[in-house]
Amino acid sequence: MGVKFALDLLLWVAAAPLAYLTRFDGVIAPNWYVSLAVFTAVGLVVKGVTLWRSRLYQQSWRAVTLRDVESIVKAVVIVALVTSTVAFLLRPVLIIPRSIPILDALYALLLLASVRAVARYRHESTSAKAAPNSRRVLIVGAGEAGTLIAREMLRHPEVGMRPVGFLDDDPAKQNQRIATVPVLGTLSEVTEVMGEARIDEVLIALPSAEGRVIRDLLNKTTRLEPSITYRTIPALHELLSGEVSIDRIRKVEVEDLLRRAPVALDTSGIAAYITGQTVMVTGAGGSIGSELVRQIIPFQPGELILLGRGENSIYQLERELVRSYPDLRYHCVIANVRDAVRLEQVFKRYRPDVVFHAAAHKHVPLMESNPEEAILNNVIGTKNLVDLAVSHHVSHFVNISTDKAVNPTSVMGASKRLGEYVVWHAAERARAEQVFVSVRFGNVLGSRGSVIPLFKEQIRRGGPVTVTHPDMQRYFMTIPEATQLVLQAASQGRNGDIYILDMGEPVRIVDLAADLIRLSGFEPGADIPIVFSGIRPGEKLFEELTTEAERNAVTEHDKIFVARVPRVDREGLEHHLARLHHAASSGDRDALMRQLQALIEGANLTLPPPTPQTQTPSS
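Residues numbered from 1 in each chain as written. Predicted model: local features only at pLDDT ≥ 70, side-chain atom pairs only at ≥ 80, totals over all residues. Heavy atoms only, no water.

Draft legend 1. Quick look at the pairing of strand 8 (residues 278-282). For strand 8, the buried fraction is high: five of the five residues fall into the buried class. Covered by surrounding structure in strand 8 are Thr278, Met280 and Thr282 together with Val279 and Val281, the residues of both alternating faces. In terms of strand pairing, strand 8 meets strand 9 (residues 303-308) through five bridges, oriented parallel. Residue pairing in the sheet places Val279 in a bridge with Leu304 of strand 9. Between the parallel pair strand 8 and strand 9, the chain is carried across by helix 11 (residues 287-296), and the sense of this crossover is right-handed. Of the pairings in the sheet, the one linking strand 8 to strand 11 (residues 354-357) comprises four bridges and is parallel in character. Looking at strand 11, one finds that Met280 is bridged to Val355. (Buried < 20%, exposed > 50% of the residue type's maximum accessible area, 1.4 Å probe, protein only. Helix = DSSP H or I, 4+ residues; strand = E, 2+ residues; numbered from the N terminus. Pairing = 2+ DSSP bridges. Right-handed = clockwise from strand over helix to strand, strands pointing away.)

Structure representation (structure tokens):
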């Protein structure tokens, strides 16, 4: 630091004689020596103090940026104003030409910026020569994100990535050079560019692009070079908390192929019912529950109650909160939603204002084999919670439901449908200021037990990847997208409604498997086989988001719809729920199935015989 301070000060002071030489056309007459000496001496003091106070000498010359130059400009302007003032005050005694402070500032800016530019150029030139075997990278997207990544690669060639060109659909960028890297064509020309430029890796720098753009790009390039490496920067919602840099680059995941336009949230509506409130999340250690916690935190709840049955998952979430949110007020509660007495204690102790209910059994085949657990957890557990929420004056109760609740063919789907009924029943008897709603969506990519981790494990073992049926389709969302829309749906405030999230178009599971195999560097069928194992008990080929009887209406948010559920006889519901509870508690499966069929119109339920599991789990 001392050397850099001295060099900066020397260059800055040297600007004074250069200013005088320029003012007097290269020859300073002897009668101006005193003026030069006084101006240089005053400048030495002022420049030294300014340099020390502005910390310019602490800048990294090898990584100088425009912001660093901006800091130099500010410091130089301050010195110019001070020296101009001194020159004016000395005018009765000593003449310092008015142009001298201005020329001094210009030379100072030139010298201070130049020494940093030379240092950066030498560093980048030396580093580039030290990495001759870098991977040749084609960057898709020459916007701000792509430009920053290209500059990072050039600045840090030790990472072994060398940008050889951009692809971008903006006509104004064609045949241009951005950060010294040429724009080689549009996205539709990717195969031609790859063939000519000898590309080792494709980096997708399109944080706001929809999944279809990335799918189309991969389909074109894998036909040309199946083994090529793909990487990307995170989607827009992942970048909001940090800058674009090399360490944010990751492999392209299947979630990127399904990426949709970022969700535009009405943050004021969400903040209105969360900010300053005590918010409880059940199933907080699960994939959906933990992401709900992360999405709730920016809205500054007064306290968070993290309720879960599994102590390890709650512990892992707590460790994350300690690291990332040290000032957050929260309580970790180990409890089972089936235990009404324990839940009563929790409500009395913490008095939640808002409850997000994400605790549920969700695996269709497992619940077909264990229907009692599905009923006790998904139905009775939900009833325990909503009863307490009504009596303890909870302002918002949000139940996480599923598309499998529509015309259910599985016990899991039926249990979630009954959970919706239970929440509706609570809405009917709640106070006017209370809101009880359900939010219904499909499969969530990356959640525990979802198909993606299973496919990845099967690919890691060398296959085969098992898919139940070639025509099996499902709706998919990413975890952040689903939880953001859950928060938004709860702000709609229409008591008793079932909100349906815009799931986009359904995706064939076999296509999802093939995409994941390609992203892993293999060719479907040739390297990793796909095997069809047959539809499992309780599964449907196509999931539905609403029944025919539900009127699908829009809300204030373009990605949220509402199903106006036909009203259920409240007394009959209570009667059947009591009998269902007794059947589940006593293990009477025949009675359990009769009650489900009686309660749910359109249900088509048949329990499988208790035979041993022989098939590989699949979707």
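Draft legend 2. Inspection of the packing of aromatic side chains at higher detail. For the coordinates displayed, the defined rule picks out six aromatic pairs. Aromatic pair Phe24 and Trp32: ring centres 4.9 Å apart, planes at 35°, arrangement tilted. By the burial criterion, Phe24 is buried, and Trp32 matches it. Through successive ring pairs, a cluster of aromatic residues spans Tyr20, Phe24, Trp32 and Phe39. Geometry around Trp52 places Arg55 over its ring, the cationic atom sitting 5.4 Å from the centre. (Phe/Tyr/Trp six-rings, centres within 6.5 Å; stacked < 30°, edge-to-face > 60°. Lys NZ or Arg CZ within 6 Å of the ring centre and 35° of its normal.)

Draft legend 3. Fine view of the environment of Arg223. Among the structural elements, Arg223 can be located in helix 7 (residues 211-224). Residue classification places Arg223 among the exposed positions, given a relative accessible area of 66%. With 300 residues separating them in the primary sequence, Arg223 and Glu523 have C-alpha atoms 9.8 Å apart.

Draft legend 4. Up close: the packing of helix 16 (residues 411-429) against helix 21 (residues 589-599). At a minimum axis separation of 11 Å, helix 16 and helix 21 run at an interaxial angle of 55°. The angle between the axes of helix 16 and helix 21 places the two elements in the oblique class. Crossing of helix 16 against helix 21: the hand is left-handed. Touching Val411, Ala414, Leu418 and Tyr421 of helix 16 are Met593, Leu596 and Leu599, all from helix 21. When grouped by side-chain class, the residues that make up the contact of helix 16 with helix 21 number seven nonpolar, no polar and no charged. (Axes fitted to C-alpha atoms, helices over the stretch in contact; angles between N-to-C directions. Parallel < 35°, antiparallel > 145°, perpendicular 65-115°, else oblique. Left-handed = near helix turned anticlockwise from the far one by under 90°. Contact = heavy atoms within 4.5 Å. Nonpolar A, V, L, I, M, F, W, Y, C, P; charged D, E, K, R; others polar.)

Draft legend 5. Fine view of the side chain of Thr282. Residue position: Thr282 is located in strand 8. Residue Thr282 is classed as buried on the basis of its relative accessible area, which comes to 0%. At 2.8 Å, the side chain of Thr282 forms a polar contact with the side chain of His357. A polar contact is formed between the side chain of Thr282 and the backbone nitrogen of Ala358, at a distance of 3.0 Å. Aside from chain neighbours lying at most four places away, what touches Thr282 is Leu307, Val337, Val355, Phe356, His357, Ala358, Ala359 and Leu385. (Polar contact = N/O pair within 3.5 Å; in protein donor to acceptor, adjacent residues only side chain to side chain.)

Draft legend 6. How the structure looks around the nonpolar core. Core analysis: the largest hydrophobic core is formed by 49 residues, its most contacted members being Leu307, Phe397, Leu418, Phe436, Leu580, Leu592 and Leu596. Listed by contribution, the elements that provide at least two residues to this core are strand 9, helix 13 (340-350), helix 14 (364-369), helix 15 (371-391), helix 16, helix 20 (570-586) and helix 21. For Leu592, the residues in contact, after removing those within four places along its chain, are Pro371, Glu372, Ile375, Leu580, Ala583 and Ala584. Counting residues in hydrophobic clusters, the runner-up holds 41 residues, among them Phe299, Leu317, Leu321 and Leu501. (Core = buried A, V, L, I, M, F, W, Y, C linked by side-chain atoms within 4.5 Å.)

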